[in-house]
Amino acid sequence: MLRQQDVGHRIVVRRIVGIREGRPLFSDALGELVELSETHLTLATAKGPLRVPVAQVHRAKRVPATRRPTAAAVVALERAADEAWPAPTRGRLGDWLLRSADGWTGRANSALPIGDPDRPLPAAVDAVERWYAEQGQPAMINTPLPLAAPVGTELDARGWTARPPTLVQTAPLPLPPEGRPAPRQGDGEGAAATASASAADGSSNTEIELATDAAGELPTGAAGAWRGAVVELATAPSEQWLAVAAGRKGGLPEAARHVLTAVDQVRFAHVYVDGALVAVGRGTVTGEGRWLGLSLIEVVPAARRQGLARRVIHELTAWGVSAGATHAFLQVEQHNTAAVTLYRRLGFTTHHTYLTRVAPH
């Protein structure tokens, strides 16, 4: 049967649709699993969303992607994502990257084990543990799968824990116009780009609350004004924008400001209604100008379901295209079904996944 690790991947479901002459009638459905609960699962199929009660599922399993990305494609995308979320303190272990940002977000405070560490794997993990001990931080390693599966095996043997899986999703640019569904894509690099939407790192999450006023309310008259709201792109975040990030992560150290701003090509999206910030987003262009990274896509609770997240994404992708980007990328925790569904409708598919591994205390 299916597990939470299968969310974001292509599956086939055989379900019971009726009974004839005392025998069950079956129907098969193929699509991307976007939600899995104790009672239902939801598939994104070529004909639209399909919600199936678990009681009707006779058999279900993950199926191979129509096209798997090569190891070189995974490495290139992971390096572009690292450029888009740059840790201020960095080290190298052969080809492996060591990153520290005062503990602000998992991605900026974990090793990236891609390439050759110039030593046997056990010695490489030992060196990672020593480096993070010198930083006064717990050792963490991000393991892109299946590329870093051997690293994961070594960490399993050492008792390292794993945070929830994160989907690295991609889509070709430009995105389809607003209001028009995206064409069906495969999971390979040719079908994809990436937007940074990782709930684990605060990259992008359409379900996160933003700061309003001191009473937690939007200004009078804001209701019904969403359609007239304008997405403003700036080369630097406003203080209100930074307050959102600070509230999200429990503070904003200088290292965090470096992570957010130390990219040559970066834009910060602001959406105001009557002077209140109701939606934000961040876009970067990295990977030799090919990849647009989307992160911190957030909308205040009162303004959700008004299309603001889509508008922020479309404005950032339009900027990315003007800057020469051909693909977009994002990172989103697989259990964030609302965000996974939104990105799927915009044409994003899962390129690969990664686990953030944490050393035992």
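Residues numbered from 1 in each chain as written. Predicted model: local features only at pLDDT ≥ 70, side-chain atom pairs only at ≥ 80, totals over all residues. Heavy atoms only, no water.

Colleague: Whenever I open this one, the packing of aromatic side chains confuses me. Can you help?
Modeller: The geometry of an aromatic ring pair is captured by the separation of the ring centres together with the interplanar angle, meaning the angle of the planes. Considering all chains together, one arrives at five aromatic pairs under this definition. Residues W241 and F268 carry aromatic rings whose centres are separated by 5.0 Å and whose planes lie at 85° to one another, so their mutual orientation is edge-to-face. Here F268 lies in strand β12 (residues 266-273) and W241 lies in helix α4 (residues 239-249), a separation of 27 residues in the sequence. As far as burial versus exposure is concerned, W241 and F268 are alike and both buried. Residues Y343 and F348 carry aromatic rings whose centres are separated by 6.0 Å and whose planes lie at 75° to one another, so their mutual orientation is edge-to-face. We classify Y343 as buried; its relative accessible area is 1%. Assessed through its relative accessible area of 0%, F348 is described here as buried. Over the aromatic face of W85 sits the side chain of R107, whose NZ or CZ is 4.5 Å from the ring centroid. (Phe/Tyr/Trp six-rings, centres within 6.5 Å; stacked < 30°, edge-to-face > 60°. Helix = DSSP H or I, 4+ residues; strand = E, 2+ residues; numbered from the N terminus. Buried < 20%, exposed > 50% of the residue type's maximum accessible area, 1.4 Å probe, protein only. Lys NZ or Arg CZ within 6 Å of the ring centre and 35° of its normal.)

Colleague: I keep staring at unusual backbone geometry and nothing clicks. Help me out?
Modeller: Across residues other than glycine, the phi torsion is negative in most instances, and most of the peptide bonds are trans. Residue P146 is bonded to the preceding L145 through a cis peptide linkage, with omega at 0°. Inspection of the secondary structure puts P146 in the loop between β8 (140-145) and α3 (149-158). Cis rather than trans, the peptide bond between L173 and P174 has omega equal to 0°. Relative to the assigned elements, P174 resides in the loop between β10 (166-172) and β11 (230-234). Although it is not a glycine, E21 adopts a positive phi angle of roughly 55°. Relative to the assigned elements, E21 resides in the loop between β1 (10-20) and β2 (23-36).

Colleague: How should I be thinking about the pairing of β2 in this particular structure?
Modeller: Side-chain positions along a regular strand alternate between the two faces of the sheet. Direction of pairing for β1 relative to β2: antiparallel, over a ladder of 10 bridges. Looking at the pairing, I16 lines up with F26 of β2. Hairpin connection between β1 and β2: a loop of two residues separates the two successive antiparallel strands, and E21 in this loop has a positive phi of roughly 55°. Relative to strand β3 (residues 40-45), β2 runs antiparallel, the two being bridged by four bridges. Each residue of the ladder has a partner; that of L33, found in β3, is L43. Between β2 and β3, which pair antiparallel in sequence order, lie three residues. (Pairing = 2+ DSSP bridges.)

Colleague: Explain the confidence of the model for the chain to me, please; I cannot follow it from the model alone.
Modeller: In regions of low pLDDT, the predicted coordinates are not meant to be interpreted in detail. Mean pLDDT over the chain: 84, with 84% of residues reaching 70 or higher. Contacts from residues 184-223, a stretch scored under 50 in pLDDT, to residues over four places away or in other chains number 174 contacts. (pLDDT = per-residue confidence, 0-100. Contact = heavy atoms within 4.5 Å.)

Colleague: Would you mind going over the pairing of β10 with me for this structure?
Modeller: The element β10 is extensively covered by neighbouring structure, given that six of its seven residues are classed as buried. In this structure, β10 lies alongside strand β15 (residues 327-333), joined through seven bridges in antiparallel fashion. Bridged to Q169 within β15 is L330. Two strands pair when backbone bridges link them, and β10 and strand β16 (residues 349-358) are joined in this way by five bridges, in the antiparallel orientation.

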